[in-house]
Amino acid sequence: MIFNSFEFAIFLPLVFLGYWFVFRKSLKAQNIFIIGVSYLFYGWWDWRFLSLIFVSSLVDYLVGLGLLSQLNPTKRKWLLATSLVFNLGILGFFKYYNFFVDAFIDAFATIGIGLEARSLQVILPVGISFYTFQTLSYSIDVYRRHLEPTRDLMAFMAYVSFFPQLVAGPIERAIHLLPQFYVPRKFDFAKAQDGMRQILWGLFKKIVIADNAAVLTNQIFDNYTELSGSTLLLGAVYFAFQIYCDFSGYSDIAIGTARLFGFDIMRNFALPYFSRDIAEFWRRWHISLSTWFRDYLYIPLGGSRGNHWQKIRNTLIVFTVSGFWHGANWTFVAWGLLNGLYFIPLMLLGKNRKNMGITSENCLIPSLRESVQMLTTFFLTLIAWVFFRAENIGQAFDYLAHMFSPEIASIPQKLSVVPLIVIFVLIEWVRRDKHHALEDFKWPVAARWSVYLVLVWTIIVFGQKEVQDFIYFQF
Amino acid sequence: MNRFLFRILLFSLFFMALLVIIITGPYDRKFGYTYLGGDYIKSAWNYQRIFEDTNRIDVAFIGTSRTLNGIVDSLVAEHLNSICTAKVNAVNLGLKDIGSNLHYVVTKDLFEQKKPKLLVMEVREIESNHGHKYFSYIAQSNDILMAPWVINVNLISDIKNAVYSRAEYIRLYTGLSSEVPENLVHSSVYGFEENFESVDSVKFDKIIKNRNSRIVYRLPEILQNIGFRYSKIYLKKIVELANDHNCQVVFLYLPYHGAPVDKPMVSDFYQQFGPIWMTNEIFDQRELFVNPTHLGYAGAARLTQLVADSLARQLCPTTQALTVHNVRLPEIHYINEIQ
């Protein structure tokens, strides 16, 4: 089931009541209850893939126990390799099998050799990219001795399957989330209240902004050859907000939901479109994934040590793999590579850690310089998003070619969602020092509740009739 | 925890109040009638015929697709006008899918806009235990909010659809909706639609078998009454409306071919309010059907002939102007006995 569905609206209160009223007295029972409801949540899509999560959890749990007792470095490496091969193996099979088969066939076709297609009808299990990375982080941290392996199977399975972040992250580290399953949770009014506010804000972003932007994005991208350059630019803007509000909205709902149950989950988005350079953008966008790649790929490759070529190599590898993680299509690889190319100059010039704080802190209006920086960074990400959204590389280039036509200066069509986006950006700008727009909301009660009801009204009135899936479910 | 739950409860009350505000907020009935489109494009036609067409409606046929595909209102009008001294306008307002709540809404609009003399209500072998899925799109706000709560299996979906339809109207008004209702301009004053959804013989028999195996036929009467309660409430409301407007109601029995009963299971209920016109001789003939539940054109024409004959006797005695004879028979009235 998805967060913005009627089923979840029934599911969440029932789970909340069961968690705090029925199973409160026993930590083990509470963890088992979490496992049960999380499996129910996941199985709602497709019960057949529950076995995959179960086996994945079991493999890494056993690998952890093995690493606990094993001191021999070679054998420890073999245990880690087991976890890596298993997790990346299932990810590779379910996500990339057909891609590689088709790419193989295409490659041979270019030299005149025709091969018979043996693609399988492989269904992509929802969330596989997220929970495999989550369990991998556990194995790697245990191997590195950053984390004591757990003997508590129920706590570990609850950590892996925890429903708020199971299917689309944030990709939580075991170091941060797993210990929260060892201790009894106490109901915290302030945490739960803020959790509800974050859920509301997440729903607003997803249903009002993302889903409405999606309708126009699809119309523009489906008919891009017939539209003006300015409309295509607007289409790219719509997609930028669609993917941001869709994904960050999901993360907000996940984090808010977790808080209802007494858990803290890492922040996943920190207002990335207010970034002043690409490096800052990547510190603010999909934080859980970018830090995962930093800690488990970039740094082991050497990170920023070594000569320029090594740094460039490491950076390009990480961004390319990050793009590939998103899906089995060359467009995602191109998107990742392009972002890597954006990043490299900053890194080589030592300017990739320049903008670390809140944009225009304590100022309502940004300076001209900051405005130019933000718009430039946003524009660069727009170009990259065209690749992300396009069906293939050819279409992406064609879209850009049509976009950068003389008509780019004309008045665009399909402006209906622009007012919503402008209002949204203004709200996020004014509240940019908070984790979410409704955090620490100190207005009088009547005014606060009026805001909540207005948000609910907008969600109801401006939501699309058909429930739209979250984009990142396909990853 | 108590403080948190209290706030959630309080917010829920505000939320429900907000839903009521949305449901009772600005809404265009034409939008509701015309929004559905597709298989329900007839709804847009109904709106135009009731609200925008200035011609009278003397006889209205209300029902489901069985009526829609079974009564050729142009033939009814032709027959009546050949007999009656005054012109009689007969209109088929049938709409796909079952639901007396929707029939009530349409009838209510009909009485507000026109002054029909006779209402011919479709009845079936069994009554429905649920409402029409698009009731909330067409109904006025007070009809949605005052709908029965008890044994209303559509309660939540009706509220959801009511909110969606009003929200969709606001979205259209603000330019955010990508779905624009079809702007139908009807070219005919008649509402009959021919059914072309024929099935082969094997499927024909399978459908009959599935329908006949429905558990409702084996339930004791008391449980049937519980299930039919929702529909009966709306049927009563329709009859009350008709009485308030001096309009007679007759029930036209339109079963599916091969139905296991030869009269409606709640015929006693219907007979409190008006006669039931039976048409067994039509519905026993398989060759008149395209599928078990819908007549083909030949079948529709035969049925229409029988109905038109009865209407003529009721509405237009040859030497008098258009009046309605108050014919209320205590028993089932067989059309084919009238010569």
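Above this text you will find the structure in question.
Residues numbered from 1 in each chain as written. Chains lettered and ligands numbered in written order. Predicted model: local features only at pLDDT ≥ 70, side-chain atom pairs only at ≥ 80, totals over all residues. Heavy atoms only, no water.

### Points about the overall build of chain A
(1) Moving on: Helix and strand counts for chain A come out as 17 helices and 0 strands.
(2) Moving on: Taking 2.2 N^0.38 as the reference for a compact globule, 475 residues should give roughly 23 Å; the C-alpha atoms of chain A span a radius of gyration of 23 Å, in line with that estimate.
(3) Moving on: Judged by the C-alpha coordinates and their principal axes, chain A covers about 70 × 65 × 45 Å.
(4) Moving on: A total of 475 residues make up chain A; the buried ones form 58% of that total.
(5) Moving on: For chain A, the share of sequence-separated contacts (at least 6 apart) that also reach a separation of at least 24 residues comes to 76%.
(6) Moving on: Surface summary for chain A: the accessible area is close to 20,400 Å², and the carbon and sulfur share equals 66%.
(7) Moving on: Positive and negative charge centroids in chain A, built from 40 and 32 side chains respectively, lie 10 Å apart. (Helix = DSSP H or I, 4+ residues; strand = E, 2+ residues; numbered from the N terminus. Rg over C-alpha atoms; globule rule 2.2 N^0.38 Å. Buried < 20%, exposed > 50% of the residue type's maximum accessible area, 1.4 Å probe, protein only. Contact = heavy atoms within 4.5 Å. Areas by Shrake-Rupley, 256 points an atom, 1.4 Å probe, with all protein chains shown as cover. Lys, Arg positive; Asp, Glu negative; His and termini not counted. Charge placed at Lys NZ, Arg CZ, Asp CG, Glu CD.)

### Concerning the layout of surface pockets
Left-over empty space is what a probe sized like a water molecule reveals as it rolls over the atoms.
Residues and elements named next belong to chain B.
(1) Moving on: Reported here for the second largest pocket is a volume of approximately 820 Å³.
(2) Moving on: Around the second largest pocket, the lining comprises 34 residues; the ones closest to its centre are S65, D97, R124, R211 and H294.
(3) Moving on: Among the elements that take part in the lining of the second largest pocket, helix α11 (residues 221-244) stands out by supplying 4 residues, more than any other.
(4) Moving on: For the lining of the second largest pocket, a count of residues per class yields 9 nonpolar, 12 polar and 13 charged. (1 Å grid on protein atoms, 1.4 Å probe; cavity = no way out; pocket = protein on both sides within 12 Å on 5 of 7 lines; lining within 4 Å. Points joined across faces, edges and corners; volume = space filled by probe spheres on them. Nonpolar A, V, L, I, M, F, W, Y, C, P; charged D, E, K, R; others polar.)

### Some details on the packing of helix α9 (residues 229-260) of chain A against helix α16 (residues 418-430) of chain A
The description of two helices packed together rests on the angle between their axes and the distance between the axes.
Residues and elements named next belong to chain A.
(1) Moving on: Relative to each other, α9 and α16 sit at 50°, their axes nearing to 12 Å. One finds that α9 runs oblique with respect to α16. Note on packing geometry: the crossing formed by α9 with α16 is left-handed. Contacts between α9 and α16 involve L234, Y238, F241, Y244 and C245 on the former and, on the latter, V418, I421, F424, V425 and E428.
(2) Moving on: Broken down by class, the residue content of the contact of α9 with α16 amounts to 9 nonpolar, no polar and 1 charged. (Axes fitted to C-alpha atoms, helices over the stretch in contact; angles between N-to-C directions. Parallel < 35°, antiparallel > 145°, perpendicular 65-115°, else oblique. Left-handed = near helix turned anticlockwise from the far one by under 90°.)

### Considering the interface of chain B and chain A
(1) Moving on: Residue-level contacts link 26 residues of chain B with 28 residues of chain A.
(2) Moving on: Overall, the association of chain B and chain A removes approximately 2,500 Å² of surface from exposure, summing both partners, and the carbon and sulfur fraction of that is 78%.
(3) Moving on: Remark: the boundary between chain B and chain A carries 0 salt bridges.
(4) Moving on: In this assembly, chain B and chain A are joined by 3 residue pairs in polar contact (both at pLDDT 80 or more). (Buried area = accessible area lost by both parts, 1.4 Å probe. Salt bridge = Lys/Arg side-chain N within 4 Å of Asp/Glu carboxyl O. Polar contact = N/O pair within 3.5 Å; in protein donor to acceptor, adjacent residues only side chain to side chain.)

### Some points on a nonpolar patch on the surface
Residues and elements named next belong to chain B.
(1) Moving on: Nonpolar side chains collect at one region of the surface, where W149, V150, I151, I222, L223 and I226 lie side by side and expose about 620 Å² of accessible area between them.
(2) Moving on: Mapped onto the elements of the fold, V150 is located in the loop between α8 (141-145) and α9 (155-173).
(3) Moving on: Residue class for V150 comes out exposed when judged on its relative accessible area of 52%. (Patch = residues over 30% accessible without salt bridge, like charges linked within 9 Å, V, L, I, M, F, W, Y side chains within 5 Å.)

### Quick look at empty space enclosed by the protein
Residue and element names in this part refer to chain A.
(1) Moving on: Tallied over the entire structure, the rule returns 5 cavities of 30 Å³ or more.
(2) Moving on: Around the largest cavity sit 19 residues that line it, and K205, D252, F269, H435 and H436 are the ones nearest its centre.
(3) Moving on: Of all the secondary structure elements, the ones that give two or more residues to the lining of the largest cavity are α8 (189-222) and α9.
(4) Moving on: Considering each element in turn, the lining of the largest cavity owes the most residues, 5 residues, to α9.
(5) Moving on: A per-class count over the lining of the largest cavity returns 7 nonpolar, 6 polar and 6 charged.

### Describing the environment of N195 of chain B
Residue and element names in this part refer to chain B.
(1) Moving on: Among the structural elements, N195 can be located in the loop between α9 and α10 (201-212).
(2) Moving on: Residue classification places N195 among the buried residues on the basis of a relative accessible area of 8%.
(3) Moving on: A C-alpha to C-alpha distance of 24 Å links N195 and L80, two positions 115 residues apart in sequence.
(4) Moving on: Here E197 takes part through its backbone nitrogen, which lies 2.7 Å from a polar atom of the side chain of N195.

### Examining the packing of aromatic side chains
Pairs of aromatic rings are described using the distance from one ring centre to the other and the angle between the two planes.
Residues and elements named next belong to chain A.
(1) Moving on: Scanning the model with the defined rule gives 92 aromatic pairs over all chains in all.
(2) Moving on: Their ring planes at 15° and their centres at 5.6 Å tell us that F281 and W285 sit as a pair that is stacked.
(3) Moving on: One Lys or Arg, K95, reaches over the ring of W325 and ends 5.0 Å from the middle of that ring. (Phe/Tyr/Trp six-rings, centres within 6.5 Å; stacked < 30°, edge-to-face > 60°. Lys NZ or Arg CZ within 6 Å of the ring centre and 35° of its normal.)

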